Amino acid sequence: MQAFDIIVVGAGHAGVEACLAGARLGLKTLMVTTNLDRIAYMSCNPSIGGLAKGHMVREIDILGGQMGLASDASCIQFKRLNSSRGPAVRGSRAQCDKHVYSAFQAEALKTQENLSLLGAEVKRLILNNHVCEGIVLEDGTEITAKAVIITTGTFMNGVMHFGLKQIAGGRIGDGASVGLSDQLAHYGFDVRRLKTGTPARLHKASIDWSKTAPQYGDDKFYPFSFKSKRTYQLPQIECYLSNTTEETHEIIRNNLDKSPMFSGIIEGVGPRYCPSIEDKITRFAERKTHQTFLEPEGLNTDLIYLQGISTSLPEDIQDLFLKTIPGLENVKVVRYGYAVEYDFVEPTQIFHRLETRPIAHLFLAGQINGTSGYEEAAVQGFVAGINAAHQILGKDEFILDRDQAYTGVLIDDLVTKGTREPYRMFTSRAEHRLVLREDNTIDRLHQVSKKLGITSEKELDILNTLQESRKVLKETLAASSLYPNPATNEKIVALGSTPLGKPATYEEFLRRPEVSFETLKQLSFECDYPEEVLEAIEIDVKYSGYIKKQNELIAKAKNLEQMLIPPELVYNLVKGLSNEEVDKLSRIKPRTLGQAERISGVNPSALQCLMIHLKGHHITKGSNHEDVSRPEL
Amino acid sequence: MRNRGEQTICAISTPPGVGGVAVIRVSGPQALLICKKIAPGLTQKEIKSHQIYFTKIKDTATGISGGETVDEVVVSYFANGKSFTGEEVVEISCHGSEYVAEKIVDLLVDNGCKLAEKGEFTYRAFMNNKIDLVQAESVLSLIQSQNQASARVAVRQLQGYVSKQFEKLESDLTWCLAHIEASIDFSTEGIDVVDPVVLIQKLKAIRVDLSALVSSYRSGRLVKDGIKVVLLGKPNVGKSSLLNIFSQDDKAIVTPVAGTTRDVIQATTLFDGFRFTISDTAGLRATEDLVEKIGVDRSQKEAGKADVVLYVFDGTEPDWQIAKTQLSEVNSPVLILVNKTDLLSESQRAEFRKKLQNLSANYQEQDIIFTSGLDPKSRDRVLTSVKTKIGQLNVLDEAMITSARQYEMSRHALEMLDASLQELEKNMGAEFIAMYLKDSLMSIQRILGHVFDDQIMDRVFKEFCIGK
């Protein structure tokens, strides 16, 4: 079959971003998926974003990613989480109509230049001496490519558990993909098992809504994409809150032996942060109730997603305990909850650019790297797509730094520390949290986007205009002043602040906690800027002291981040490293001393040895990281 | 186990010069192997850890069969993992001739040892996780200790007493930080991770521990470096005679001529377990003499560094006017010495006290001491008062920090802890509290060497000398 530049295996959230990024950079790209009807399907919760996750969606949006647009187009309830807290820990979350979401992404793929779609199962890779050269389909067809990106999610050797009953498959209604992971294991990859789960879907009409509390979305919409309209595109709906009862817990507790997790059938490690209801009840034994949100899966569907109650108990037990939740006394289950167990590749085996270490031109993105969540998958897909393209085009690898983007934190964590459970992004994973905010994404990534070249000139103009108005607004604030005359002071007091003792610039005045741009407007300050500009600058001004402090800490840490370790360094020759450290360092091959420091089990004294070694060997600044030595099979 | 040091190092660990014995320390994977080459007698024996062996050091380079005997020595052996450095260590105690000790080192080097660098033994102990940085610093303090108090403090540090306090701070701060982080990331899950009241209590408790350590530095420094006392006053009031009495030495030249002392003269003395450094200074007066002028400037500078200033009056002809001006320029704690008073009656003394207290209400009865350059008892009375003036130096019961590095970092940790408490009280977001708290925690971890700090080498090990 005809050759492609890039082949993307899988059409989930990672796959969509990967193939769009490749095609948008002008490379001839093929997406292969077993089920063309389920492109960018939301297999679990019908929502995008949340703390730290919302940040990542905005990051790739500015860089030319797709997820933000689809979320905005399908959003049926929007909330800004933690809106009363500090600016760095606010996160946008959109509940989406999952069918609109899928359809939007499918349309984007179908209309994308340079991109072809193929419904087929990939059986194995064409490998030639540790270089990936294409794929082989189930029917034996070979398709060659310069790079292959695998984004198979939970499908590699996927097994679904309904109680003690097991069915092969990565998602209800779809089969598992068998063969690929065996081939990877054969090539020396460390392939392990993880587990995730999903709750039951309920029939809307069977729920007594009067026993639940409605939850409303925000009036104000902050779309994920800078390209989206500032208004809701679909009608907005309510979600409903209910909770488990002691009776629920009793039933679950009595039937734990029928749960595959607890009976030992599942060997994969489940996510600590998104635990099943069985886990929650066991781990938080003292809690008498757990909250659950009843979330419609779309505008034109009768399906209700039961957030927080993922389970792998048998169907009859699910029926039993669900009925003890207020509002669900007569509930009809359309689809029962289940657990999925699947293969993932220990992610310390990939480079920051998401190419694998053992096999060249092979990239991995998404759950196959041990992550959990649509957003985590999407940003990896995007980064893998760019890097595959850059490799083919002979351009530099594309790596975001930890102080630049959550996306950078995610990938650095994966390739440095690996993971033993599904990795979910948190704000606490970013040591530079205060400078990684949703509102300053544009500051962080505008220039990167320009360089990447996916974002069109017209779109870049929007970013330029936004950047420019931020600059102008900031300068105006610093340049003009308020004077303590009686008339002004009277107004200031009337607006709820304290009188000025001496002249103050608007910037200084805005630092007062009780003052906002609304106040400034009343004091005849020209505030004719987009709301997001005003908000970002207000945060900039109000928190400048903290941000400055954080920047100092970053500068301190940068020393180590800038000390590059040559990829060809033979750790056995570094005096004083323990065997374990030599082992870990040789496997992970940290790019910098900073990354080496983050590897667990590498002691401070090992860094001392490394530094002495590097100083004696003239560290090269700015070396590229092409790893030439691959193990012989 | 593979050690940090791959090469075997050696050095003479006793001070240079002639002594009863000299000790040569050998550390590294080949310590015993190399020693066996220069002490062939050892190969006949089964060598066990923590045992000593009598043997002969042989120089095989000489033509004599079996080598010429260099010395009869005692060898102590410490197995890998069971020594101070964490490596295999051999210590050779030879006769205290400089030649013999150096000859043995030469033989060791000829057989594959590397000469140790400054502080390399202690550095290896740190690198092999045998001690933390606080303990490494205590090794130096212990070596340098010149009095009972500072030796006692250093030994306690070496035993990990201070490290334990820092480790407790590290674990308490980590607990708080972990809970704050979780409260941010699980804020939407309807779980109360930590009660703010509990958090504040915990942080305040940490503050108490940390500030105790920070303030212990004052005592710690006095214990380690000694108490700095500066004699100040008009020319010819008898400062130099007092220096000689206090130091029990004739360091300062004493003449009846005013302005004899032109430069700062220092003497040290041990008293009551503490070391005192006493400085005699040029008498303070307006002068046209260039040399004396420089001397007067130096006097004032010296007084600025003092833990206690002893301001000396001539009891027979006090100059109140000048005293008032000069005392107003001193910022350190002051004791008033009224000198040449062997002839003053009790009523004259009372009057003197009254006049002094008119000068400033700061001077309490116990701050005024009547001395005489002829009376040796003045020494005890003055030095006891100096100690009282400095306040309680509780060497035994408290963990005490004695290194400037530990002090700076603890103080930074305290400042950051205070900043986070302030944010908490201002009701600022958890992420701001977390930022300061993390900085505080990092500072504590740097003290212990639990996080990498590229200045460790410069700051901790450069002061050592070879063989330690």
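Residues numbered from 1 in each chain as written. Chains lettered and ligands numbered in written order. Predicted model: local features only at pLDDT ≥ 70, side-chain atom pairs only at ≥ 80, totals over all residues. Heavy atoms only, no water.

Some details on the overall build of chain A
Formally: Counting from the N terminus, the helices are DSSP H or I runs at least four residues long and the strands are E runs at least two residues long. The reference for a compact globule is 2.2 Å times residues^0.38; the radius of gyration itself is calculated from the C-alpha atoms. For each residue, the accessible area found with a 1.4 Å probe, counting protein chains only, is set against the maximum for its type, and the residue is called buried under 20%, exposed over 50%, and partly exposed in between. By the convention used here, residues are in contact when the closest approach between their heavy atoms is within 4.5 Å. All accessible areas in this document rest on Shrake-Rupley with a 1.4 Å probe, and a residue is counted as covered only by the protein chains that are shown.
Secondary structure assignment for chain A yields 21 helices and 22 strands. Its C-alpha atoms give chain A a radius of gyration of 26 Å, within 12% of the compact-globule value 26 Å for 633 residues. Taken over the C-alpha atoms alone, chain A extends approximately 85 × 75 × 50 Å along its principal axes. Within chain A, the proportion of its 633 residues that are buried is 61%. Taking all contacts inside chain A whose residues are at least 6 apart in sequence as the whole, residues at least 24 apart take part in 74%. Accessible surface computed for chain A: about 24300 Å², of which carbon and sulfur atoms make up 51%.

Remarks on the overall build of chain B
Quick reminder of the rule: Counting rule applied: Lys, Arg positive; Asp, Glu negative; His and chain ends not counted. Charged groups are reduced to one reference atom each: NZ for lysine, CZ for arginine, CG for aspartic acid, CD for glutamic acid.
Across its full length, chain B holds 15 helices and twelve strands. Here the C-alpha radius of gyration of chain B, 29 Å, is well above what a compact globule of 468 residues would show, namely 23 Å. Overall size of chain B, expressed as C-alpha extent along the three principal axes, is 85 × 80 × 40 Å. Sorting the 468 residues of chain B into buried and exposed places 52% on the buried side. A fraction of 68% describes how many contacts in chain B between residues 6 or more apart in sequence connect residues 24 or more apart. Charge separation in chain B, taken as the distance between the mean sites of 55 positive and 62 negative side-chain charges, equals 3 Å.

So, the sheet that holds strand β3 (residues 47-49) of chain A
Residue and element names in this part refer to chain A. So the rule is basically this: Two strands pair if DSSP finds at least two bridges between them. What counts as an axis is a line fitted to C-alpha atoms, over the stretch in contact for a helix, and the angles between N-to-C directions run from 0 to 180 degrees.
Spatial strand order, β3-β5-β4: three strands in an open sheet with antiparallel pairing. Edge positions in the sheet fall to β3 and β4 (75-81), since each has one partner strand and no second. Put simply, the sheet's adjacent strands are angled 20 degrees from each other on average, direction ignored. In terms of strand pairing, β3 meets strand β5 (residues 91-96) through three bridges, oriented antiparallel. Within β5, the residue paired with Ile48 across the bridge is Ala94. Helix α3 (residues 67-74) rests against β3, β4 and β5 of the sheet, and its axis sits at about 115 degrees to β4.

Here we look at a nonpolar patch on the surface
For clarity, the threshold we go by: Exposure above 30% relative accessible area and the absence of a salt bridge qualify a residue for a patch, where like charges join within 9 Å and nonpolar side chains (Val, Leu, Ile, Met, Phe, Trp, Tyr) within 5 Å. The salt bridge criterion pairs a side-chain nitrogen of Lys or Arg with a carboxyl oxygen of Asp or Glu, the two atoms within 4 Å.
Together, Ile52, Phe54 and Val74 of chain B make up a nonpolar patch on the protein surface, roughly 290 Å² of accessible area in all. Here Val74 of chain B shows up in strand β4 (residues 68-78).

Describing helix α11 (residues 406-417) of chain A
All names here are of chain A. Selection criterion: A helix's residues, less one, multiplied by 1.5 Å, set its expected span.
Across its twelve residues, α11 extends 16 Å between first and last C-alpha, which sits within 8% of the 16 Å expected from 1.5 Å per residue. With eleven of twelve residues buried, α11 lies mostly within the body of the structure. For α11, every residue scored as buried is listed here: Tyr406, Thr407, Gly408, Val409, Leu410, Ile411, Asp412, Asp413, Leu414, Val415 and Thr416. Following α11 by one or two positions, Gly418 has its phi on the positive side, about 70 degrees.

Section: the confidence of the model for chain A
As a reminder, the rule being used: Each residue carries a pLDDT value, the predictor's own confidence for that position, ranging from 0 to 100.
Per-chain confidence: chain A averages 90 in pLDDT, with 96% of residues scoring 70 or above. Note that residues 618-633 of chain A has pLDDT below 50 and, in this model, 36 contacts with residues that lie over four places away or in other chains.

A few points about unusual backbone geometry
In this structure, Lys589 of chain A takes a positive phi of about 45 degrees despite not being glycine. Relative to the elements of secondary structure, Lys589 of chain A occurs in the loop between α19 (579-588) and α20 (593-598). Even without a glycine there, the phi angle at Asn129 of chain B is positive, about 65 degrees.

Looking at the interface of chain A and chain B
Going by this rule: Accessible-area loss on putting two parts together, using a 1.4 Å probe and summing over both, is the definition of buried area adopted here. Side-chain classes follow a simple rule in which Ala, Val, Leu, Ile, Met, Phe, Trp, Tyr, Cys and Pro form the nonpolar group, Asp, Glu, Lys and Arg form the charged group, and the remainder, Gly included, forms the polar group.
On the side of chain B, 37 residues touch chain A, which itself brings 44 residues to the contact. Carbon and sulfur atoms supply 54% of the area buried between chain A and chain B, which totals about 3500 Å² over both sides. Among the residues of chain A in contact with chain B, Tyr546, Lys549 and Gln608 of chain A are the three that bury the most area, contributing 18% of the side total. Inspection of the chain A/chain B interface yields two salt bridges. The salt bridge partner of Asp439 of chain B is Lys549 of chain A, with a shortest N-O separation of 2.4 Å. When residues of the side of chain A that touches chain B are traced back to their parent elements, those giving at least two are α18 (544-561), α19 and α21 (604-616) of chain A. Considered class by class, the residues forming the side of chain A that touches chain B number 21 nonpolar, 13 polar and ten charged.

Considerations on the sheet that holds strand β16 (residues 291-296) of chain A
All names here are of chain A. Taken in spatial order, the six strands line up as β14-β15-β16-β17-β13-β18 in an open sheet, and their pairing is antiparallel. The sheet is open, and its two borders are formed by β14 (213-215) and β18 (333-335), each paired with just one other strand. Sheet twist, expressed as the mean angle between neighbouring strand axes with direction ignored, is 35 degrees. Where strand β15 (residues 239-243) and β16 come together, four bridges link them in antiparallel fashion. Looking across to β16, one finds that Tyr240 is bridged to Leu294.

Some details on the state of the cysteines
This is how it is decided: In this description, a disulfide is simply a cysteine sulfur pair whose atoms lie within 2.5 Å.
Overall, the coordinates contain zero disulfides over all chains when judged by the stated rule. In this structure Cys132 of chain A is a free cysteine whose sulfur lies 17 Å from that of Cys19 of chain A, the closest cysteine sulfur available.

Digging into helix α8 (residues 239-247) of chain B
All names here are of chain B. Of all nine residues in α8, eight are buried; the element is thus mostly enclosed. Buried within α8 are the following residues: Lys239, Ser240, Leu242, Leu243, Asn244, Ile245, Phe246 and Ser247. Following α8 by one or two positions, Gln248 adopts a phi angle in the positive range, close to 55 degrees.

Looking at the domain arrangement of chain A
Keep this limit in mind: Boundaries between domains were set according to an automatic or database domain assignment.
In terms of domain boundaries, chain A breaks down into domain 1 (4-196 + 342-443), domain 2 (201-337), domain 3 (470-552) and domain 4 (562-616). When each unit is reduced to the centre of its C-alpha atoms, the spacing between domain 3 of chain A and domain 4 of chain A is 48 Å.

Some points on the nonpolar core
All names here are of chain A. Applied cut-off: As used in this record, nonpolar core signifies buried Ala, Val, Leu, Ile, Met, Phe, Trp, Tyr and Cys residues forming a set joined through side-chain atoms within 4.5 Å.
Membership of the largest hydrophobic core comes to 120 residues, with the highest contact counts inside it found for Ile7, Leu125, Ile135, Leu477 and Phe517. Here this core gets ten residues from one element, more than from any other, and that element is helix α10 (residues 374-393). Setting aside its immediate chain neighbours within four residues, Leu125 contacts Cys132, Gly134, Ile135, Val148, Ile150, Leu180, Gln183, Leu184 and Leu362.

Observations concerning the side chain of Ser181 of chain A
Residues and elements named next belong to chain A. What counts, and what does not: Between N or O atoms, a polar contact is any pair within 3.5 Å; within protein, one atom must be a potential hydrogen donor and the other a potential acceptor, and residues adjacent in sequence are included only when both atoms are from side chains.
Inspection of the secondary structure puts Ser181 in helix α5 (residues 180-186). When its relative accessible area of 1% is taken as the criterion, Ser181 is described as buried. Here Asn157 takes part through its side chain, which lies 3.0 Å from a polar atom of the side chain of Ser181. Leaving out residues up to four positions away in the same chain, Ser181 has contacts with Met156, Asn157, Val191 and Asp343.

Re the pattern of salt bridges
Residue and element names in this part refer to chain A. Scanning all chains against the criterion turns up 59 salt bridges over all chains. Among the ionic pairs, Lys123 bridges to Glu121, the shortest N-O distance being 3.7 Å. On the basis of relative accessibility, which here comes to 14%, the residue Glu121 falls in the buried class. Residues joined by salt bridges that share partners form a network here, namely Arg402, Asp412, Asp413, Lys417, Glu431, Glu561 and Arg598.

Things to note about the environment of Val191 of chain A
Residue and element names in this part refer to chain A. Following the sequence through the fold, Val191 ends up in strand β12 (residues 191-198). With relative accessibility at 23%, the residue Val191 sits in the partly exposed group. It is 9.5 Å that separates the C-alpha atoms of Val191 and Ile368, two residues lying 177 residues apart in sequence.

Describing the packing of α3 of chain A against helix α4 (residues 98-110) of chain A
Residue and element names in this part refer to chain A. Formally: Here is the rule for angles: anything less than 35 degrees is roughly parallel, anything more than 145 is roughly antiparallel, 65 through 115 is roughly perpendicular, and the remaining ranges are oblique. The sense of a crossing depends on the near helix, which, turned anticlockwise from the far helix by less than a right angle, makes the crossing left-handed and, turned clockwise, makes it right-handed.
Between α3 and α4, the shortest axis-to-axis distance is 9 Å and the interhelical angle comes to 140 degrees. As summarised for this structure, α3 and α4 are arranged oblique, according to the angle between their axes. Between α3 and α4 the crossing geometry is right-handed. Each of Met67, Leu69, Ala70, Ser71, Ala73 and Ser74 in α3 lies in contact with α4, whose residues at this interface are Val100, Tyr101, Phe104 and Gln105.

Things to note about the environment of Leu199 of chain B
All names here are of chain B. Summarising the element assignment, Leu199 is placed in helix α7 (residues 196-225). Separated by 231 residues in sequence, Leu199 and Ala430 place their C-alpha atoms 11 Å apart. The residues touching Leu199, leaving out its near neighbours within four places in the chain, are Cys176, Ile180, Val194 and Leu424.

Considerations on the confidence of the model for chain B
Residues shown with low pLDDT carry predicted positions that ought not to be read at fine detail. Residue and element names in this part refer to chain B. For chain B, per-residue confidence averages 84 on the pLDDT scale, and 92% of positions sit at 70 or higher. Considering each helix and strand of chain B separately, the mean pLDDT is smallest for helix α15 (residues 456-461), with a value of 64, and largest for strand β5 (residues 89-95), with 95. Interface scoring of the predicted complex returns ipTM 0.84; its pTM is 0.84.

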